[in-house]
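The primary structure of each chain is shown beneath.
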Amino acid sequence: MDVTPFLELEIAPRAVFGCLAERKSRPRFMLRSGDDWTSVTWGAFADQIRYCGMYLRSLGLEHNARVAIFAPNRVEWMSAALGAQAVGSAMVPVYPTSTAEQAGYVVQHSDSRVVFVDTPGLVEKVLDEWDAYGDVARVVLFDATLDVKAILERLRADGRTDLEWLDIEARFVTWPTLQEIGRALDREKPGVFDEVMAGVDLDQMAVMLYTSGTTGRPKGVPLTHRNVAVNGRDWLVINGPLVEENGVDVLWLPMSHIFGFGEACLGNTLGFTSYLSDPYQVLNVLPEVRPTIFMSVPRYFEKIAAVASEGKTDAERRERLHAITGGRLSFCLSGGAGLKREIKEFFWDNGLLI
């Protein structure tokens, strides 16, 4: 693939809007719905980003304000991250496996002004460390059905007197409500979102990543839009000729990790259709959706190789490998740790370069 059109440095949200005219009605994400899949088009994805950005801007967030995301993978995760970046804020990913104390520390240390959260368990972690969220203007619930009042009442019944005066209606808002407000603001002030996004400088902070620190506390690492964009450009120069434009991938790596976020951003640039999955279902999904691109940590390549290796002949092993992966893979990427040489050679001998 000729990657030349994609090598100009730009902030991550612009990749979605730059090719929107030709991609608008195509599926960007595919979501499991019972035994079937439903699509989120590029147009709908772009609208989510736009309306989220307009809402965040209405809160008076200044350039380089931080916005934390404490949730498992979902389309809205990316929409919130890119919506924040589009209006000059930096996104702070919080691993959904974090303890309440760890998440609270990241939110407080990063001085995040808005926190996006999902699932009852993570909402409870937010409430459990509520003192750390004192400077947070809004907590946004991705799932509008989450019953914050019930969780709060249970904590109060357990003796949490410090939560006695917490005003849920003033501090919490649901994603659908955020989107409605953002849509109304966009209609009231057409063109503002695009103008603000165009004014975001490459040297502004884009992401605040928290990694394991030597003192037992996570360490915040700021990355500018230029940091992220140069990394993406260099990746395309090296790997781009091997990647199909408009490919199909299974996106299961955590968006809260730079590997998963990077895959999603690459998909935004190259026009992927991404089937969202999770670590528990991803290997079952592969033969069903038949991706052309698969990115993973080594463990899953090892699992695939182990099953395929049960074939008695070279032909049987190749046939099993194709059956497990869907038979359409043209690009594989392993990251996060070293992949054993014998696993790479097994895939290579069977026609797949990792």
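What you see is a predicted model, and the numbers here were worked out from it, not measured in a lab.

Rules and cut-offs
- Residues numbered from 1 in each chain as written.
- Predicted model: local features only at pLDDT ≥ 70, side-chain atom pairs only at ≥ 80, totals over all residues.
- Heavy atoms only, no water.
- Axes fitted to C-alpha atoms, helices over the stretch in contact; angles between N-to-C directions.
- Helix = DSSP H or I, 4+ residues; strand = E, 2+ residues; numbered from the N terminus.
- Parallel < 35°, antiparallel > 145°, perpendicular 65-115°, else oblique.
- Left-handed = near helix turned anticlockwise from the far one by under 90°.
- Contact = heavy atoms within 4.5 Å.
- Nonpolar A, V, L, I, M, F, W, Y, C, P; charged D, E, K, R; others polar.
- Buried < 20%, exposed > 50% of the residue type's maximum accessible area, 1.4 Å probe, protein only.
- Pairing = 2+ DSSP bridges.
- Right-handed = clockwise from strand over helix to strand, strands pointing away.

Packing of helix H14 (residues 298-308) against helix H16 (residues 341-349) brings their axes to within 10 Å, and their N-to-C directions diverge by 60°. It follows that H14 is oblique to H16 by the angle criterion. Every pair of crossing elements has a handedness; the one defined by H14 and H16 is left-handed. Here H14 contributes Phe301, Glu302, Ile304, Ala305 and Ala308 to the contact with H16, which in turn contributes Ile343, Phe346 and Phe347. Among the residues forming the contact of H14 with H16, the class breakdown is 7 nonpolar, no polar and 1 charged.

Turning next to the packing of helix H6 (residues 120-128) against helix H7 (residues 148-157). One can describe the packing of H6 onto H7 by two numbers: an axis separation of 10 Å at closest approach and a directional angle of 50°. Classified by the interaxial angle, the pair formed by H6 and H7 is oblique. Once H6 is placed against H7, the crossing between them reads as right-handed. Across from Pro120, Val123, Glu124, Leu127 and Asp128 in H6, the residues of H7 making contact are Val148, Ile151, Leu152, Arg154 and Leu155.

The next subject is the pairing of strand S10 (residues 248-251). Residues Val248 and Val250 point to one face of S10 and Asp249 and Leu251 to the other, with burial holding for every one of them. Sheet topology places S10 next to strand S11 (residues 273-276); 4 bridges connect them, and they run parallel. In the sheet register, Leu251 faces S11, and the bridge partner there is Leu276. Handedness of the crossover joining S10 and S11 through helix H12 (residues 258-270) is recorded here as right-handed.

Interpretation note: all reported values are geometric properties and have no functional meaning in isolation.
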